[in-house]
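A look at the structure
Now for the letters of each chain:
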Amino acid sequence: NLRGDLAGGTLCLLTKDDDEVIGPVLPFGGHFMWLRPQADSPLRAPEPSPVRSMRGSARTSTALAALTLIDNDSFRFLLQLQLRGARGFRRTKVHDPITRTVRHGVFIEALDGSYAQAIAYPEVDGQLRVMQVGPRRLWDTVEATHQLWQQLGQPNPDRFGVVANSTTQFIWFDNDDGWYQWPLPFA
């Protein structure tokens, strides 16, 4: 089972060859019950909380239909490969600093304290307001990932695969020696 923080779990069919395993992501999800997050469990992974501040904030705009991206599993799968350390890409209510009201929107955050929020409904010019805060511009990565996702033909996760050996682990697109590869952390 291969699972990230932005997309649901997927199953991989791996073949072992000497010291390497390789195989494709299967065209159906694999969902398993996670260990319960009990504070005294020795199996519980530590989860650092992002530290948020307004330092490094930037206001931009986007033409992306933010709410439709949230519901697209294939986009979320690619986004989690492109945006390391992202936690949560969700619908929520966000504060609009211009009107000083709470509006429906999209929120994404990362462990380094970066976050971005996009107001879900366009302004008169058709653009959505976006605020990005922290050391990384997360929404810029959302937009770049959307462009890549479009260029690749909006691929489903079953066009990806995994390679793992004693020195490297990565996810590949279309074939294991192709151009697009994303490193995986060693567990």
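Residues numbered from 1 in each chain as written. Predicted model: local features only at pLDDT ≥ 70, side-chain atom pairs only at ≥ 80, totals over all residues. Heavy atoms only, no water.

A separate point is unusual backbone geometry. Note: most peptide bonds trans; most residues except glycine with negative phi. One non-glycine residue, Asp18, adopts positive backbone phi at about 55°. Here Asp18 lies in the loop between strand S2 (15–17) and strand S3 (20–29). Here Asp174, not a glycine, exhibits a phi torsion of approximately 70°, which is positive. (Helix = DSSP H or I, 4+ residues; strand = E, 2+ residues; numbered from the N terminus.)

Now for the pattern of salt bridges. Summed over the entire model, instances satisfying the criterion amount to 8 salt bridges. Among the charged side chains, a salt-bridge network with shared partners connects Asp96, Arg103, Glu123 and Arg129. (Salt bridge = Lys/Arg side-chain N within 4 Å of Asp/Glu carboxyl O.)

Next up on the list: helix H3 (residues 138–151). Under the 1.5 Å per step criterion, the end-to-end length of H3 is 20 Å for 14 residues, consistent within 8% with the ideal 20 Å. When H3 is considered as a whole, its buried residues turn out to be Leu138, Trp139, Val142, Thr145, His146, Leu148 and Trp149. (Expected span 1.5 Å × (residues − 1). Buried < 20%, exposed > 50% of the residue type's maximum accessible area, 1.4 Å probe, protein only.)

In terms of residue burial, strand S10 (residues 169–173) counts as a mostly covered element, since 5 of its 5 residues are buried. Judged by which residues are buried, S10 turns out to be covered on both faces: Gln169, Ile171 and Phe173 on one side and Phe170 and Trp172 on the other are all buried. In terms of strand pairing, strand S9 (residues 160–164) meets S10 through 5 bridges, oriented antiparallel. Looking at S10, one finds that Phe160 is bridged to Phe173. Remark: 4 residues form the turn of the hairpin made by S9 and S10, two consecutive strands paired antiparallel. Pairing geometry for S10 and strand S11 (residues 181–183), over 3 bridges, is antiparallel. By the bridge assignment, Trp172 is partnered in S11 with Gln181. (Pairing = 2+ DSSP bridges.)

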